[in-house]
Amino acid sequence: MPQDPMDFEWSYWIEWGRERILWLLAGHLLVSQVSRLLMEKYKPWCLMVYGMAACWLLLGLKGFAVILLHAAISFAVAQFQLSLLTWLCSLILLSTLRIPAVEETKRKWYDTENEYYLLLFTVSVRCLFCTSFSLEYCWHAPAQKSSHSFPWMLAYVFYYPTFHNGPLMNFDEFSKQMRRQEAFNVKTNLSVLIVGIIRIFFWWCLAELMIHLMYIHALYSSALPLESASYWALGGLALAQVLFFYVKYLVLYGVPALLLQMDGLKPPALPCCVSLMHSFTKMWRSFDVGLHRFLVRYIYVPMGGSQSSLLGMLFSTALTFAFVSYWHGGQSYLWYWGALNWLGVIVENGIKRILSISLIQDLI
């Protein structure tokens, strides 16, 4: 039975995974385990060199140079130790991905659109990693700068399991865990690997069944079946779509999360099942945990967050969702999506504040 071809993300990453990325991830696993076994002290640098080689192989010399240039510019700007300047630099680098002339130039580097999109997706994710490192550099005392050197930035930016699509791991977490030297147990690691592969294979089979049998995205791409469907049917389609999105990211984040575990790191928690969620706030906290930690640490809290006044909290939340919308592409539908999510979070927090009033609690 033919599969539903309308989910671009799933088809795209599965195709790349089968062709090259899974093989490169297997190579990373081999390098990681050998370095942990024989030279734990040099593991970050072994993995850095492997990540740079994998990037060069997959994206070519020019693609590799773009990512290296982004890292170098971010590091140079971070030397001023001004958070606002670092953010300005990050937004400018991100905006270069949407300049038509630059896009056309990058397209000419590759034979296919898929290769160009791989560079685009990779650079978008690397921008977040460069931002995380640069802000941590700004916030740390001069005595701690040795742990925030340019080689450590490259080890973080070119760490291959999270290279193309995440999940996001903030630099402070990455560096602390990568420096930690633990006893290496081959049997324990092997059992973790086998169990992890079995789980990911089960999730992949489930996602393939859904995309071959349910045709959710094909139905959404045509107005006629949606117009003739009842409200109950539309609700069922919406639930089916978000459930597929959940299973898809169990696979897309599950593979790098398993490799993080094999490297002795603690990955961000995998997405929580959407059927267990009943609020916008829980969705943002529990679905993409790495992105949520990034947004809270580098945008929401520095702008005041929940500790500021009501207007301050509204502004910091709005700024957070504005950045998410812009980072995802900045198209008009993404601004609407961000605004609706912002509204949902604000309404929920407003109701919680009302219900926390002692008089209301007494009435309840």
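Residues numbered from 1 in each chain as written. Predicted model: local features only at pLDDT ≥ 70, side-chain atom pairs only at ≥ 80, totals over all residues. Heavy atoms only, no water.

- As recorded in an unreviewed UniProt entry, the chain goes by HHAT palmitoyltransferase and comes from Ptilonorhynchus violaceus.
- What UniProt states about the chain under its Subcellular location (unreviewed entry) heading is, verbatim, "Endoplasmic reticulum membrane".
- According to UniProt, the comment filed for the chain under the heading Sequence similarities (unreviewed entry) is "Belongs to the membrane-bound acyltransferase family. HHAT subfamily." (UniProt positions renumbered as here; feature names shortened; annotations may be inferred.)

**Examining the environment of Gly63**
For step 1, the next point in the chain: Positionally, Gly63 belongs in helix 2 (residues 43-78).
For step 2, the next point in the chain: Measuring from C-alpha to C-alpha, the distance between Gly63 and Tyr110 comes to 9.7 Å, with 47 residues separating the pair along the chain.
For step 3, the next point in the chain: Leaving out residues up to four positions away in the same chain, Gly63 has contacts with Trp109, Tyr110 and Leu119. (Helix = DSSP H or I, 4+ residues; strand = E, 2+ residues; numbered from the N terminus. Contact = heavy atoms within 4.5 Å.)

**Re the nonpolar core**
Side chains that are nonpolar tend, in soluble globular proteins, to be buried together.
For step 1, the next point in the chain: Within the largest apolar cluster, 91 residues are counted, with the highest numbers of intra-cluster contacts made by Phe158, Phe174 and Phe323.
For step 2, the next point in the chain: Counting residues per element, this core draws most heavily on helix 2, at 14 residues.
For step 3, the next point in the chain: Domain assignment of the residues forming this core places at least three in each of domain 1 (8-179) and domain 2 (269-363).
For step 4, the next point in the chain: Beyond its immediate sequence surroundings of up to four residues, Phe174 is in contact with Trp152, Ala155, Tyr156, Tyr159, Met169 and Leu265. (Core = buried A, V, L, I, M, F, W, Y, C linked by side-chain atoms within 4.5 Å. Buried < 20%, exposed > 50% of the residue type's maximum accessible area, 1.4 Å probe, protein only. Domains from an automatic or database assignment.)

**What to know about the domain arrangement of the chain**
For step 1, the next point in the chain: Splitting the chain by domain gives domain 1 (8-179) and domain 2 (269-363).
For step 2, the next point in the chain: Inter-centroid distance (C-alpha atoms) of domain 1 to domain 2 is 27 Å.
For step 3, the next point in the chain: Listed by partner, the interface residues are 18 residues for domain 1 and 13 residues for domain 2.
For step 4, the next point in the chain: Between domain 1 and domain 2, the buried area comes to about 1,400 Å², and carbon and sulfur atoms account for 64% of it.
For step 5, the next point in the chain: Linking domain 1 to domain 2 there are three salt bridges.
For step 6, the next point in the chain: The shortest N-O distance in the salt bridge between Arg297 and Asp172 comes to 3.8 Å.
For step 7, the next point in the chain: Counting the contacts that link domain 1 with domain 2 gives eight residue pairs in polar contact (both at pLDDT 80 or more). (Buried area = accessible area lost by both parts, 1.4 Å probe. Salt bridge = Lys/Arg side-chain N within 4 Å of Asp/Glu carboxyl O. Polar contact = N/O pair within 3.5 Å; in protein donor to acceptor, adjacent residues only side chain to side chain.)

**Let's talk about the packing of helix 1 (residues 8-38) against helix 11 (residues 231-262)**
For step 1, the next point in the chain: Between helix 1 and helix 11, the least distance of the axes is 9 Å, while the angle of their chain directions is 15°. Classified by the interaxial angle, the pair formed by helix 1 and helix 11 is roughly parallel. Crossing of helix 1 over helix 11 shows left-handed handedness. When helix 1 is examined against helix 11, the residues Glu9, Trp10, Trp13, Leu25, Leu29, Ser32, Gln33 and Arg36 are found in contact with a partner set consisting of Phe244, Phe245, Lys248, Tyr249, Val251, Leu252, Val255, Leu259, Gln261 and Met262.
For step 2, the next point in the chain: For the contact of helix 1 with helix 11, the residue count by class is twelve nonpolar, three polar and three charged. (Axes fitted to C-alpha atoms, helices over the stretch in contact; angles between N-to-C directions. Parallel < 35°, antiparallel > 145°, perpendicular 65-115°, else oblique. Left-handed = near helix turned anticlockwise from the far one by under 90°. Nonpolar A, V, L, I, M, F, W, Y, C, P; charged D, E, K, R; others polar.)

**Some points on the packing of aromatic side chains**
For step 1, the next point in the chain: In total, this model carries 35 aromatic pairs according to the counting rule given.
For step 2, the next point in the chain: Ring centres of Phe133 and Phe171 lie 4.8 Å apart, and the angle between their planes is 75°; on these two criteria the pair is classed as edge-to-face. Of the two residues, Phe133 sits in helix 5 (residues 113-139) while Phe171 sits in helix 7 (residues 171-179), which places them 38 residues apart along the sequence.
For step 3, the next point in the chain: Owing to a relative accessible area of 0%, Phe171 belongs among the buried residues under this scheme.
For step 4, the next point in the chain: Relative to Tyr249, the ring of Phe245 has its centre 5.0 Å away and its plane inclined at 45°; by these criteria the two rings are tilted. With a gap of four residues between them, Phe245 and Tyr249 both fall in helix 11, about one helical turn apart. (Phe/Tyr/Trp six-rings, centres within 6.5 Å; stacked < 30°, edge-to-face > 60°.)

**Let's talk about the pattern of salt bridges**
Close approach of charged atoms lets side chains of opposite charge pair.
For step 1, the next point in the chain: The tally for this structure, following the rule as stated, stands at nine salt bridges.
For step 2, the next point in the chain: For Lys43, the salt bridge goes to Glu40, with nearest N and O atoms at 3.7 Å. Each member of the pair, Lys43 as well as Glu40, is classed as buried.
For step 3, the next point in the chain: A salt bridge links Glu104 to Arg107, with the shortest nitrogen-to-oxygen separation between them at 3.8 Å. Separated by three residues within a single helix, Glu104 and Arg107 lie in helix 4 (residues 100-107), roughly one turn from each other.
For step 4, the next point in the chain: A relative accessible area of 43% means that Glu104 is categorised as partly exposed.
For step 5, the next point in the chain: Each of the salt bridges in this network shares a partner with another, and the network as a whole consists of Asp7, Glu9 and Lys248.

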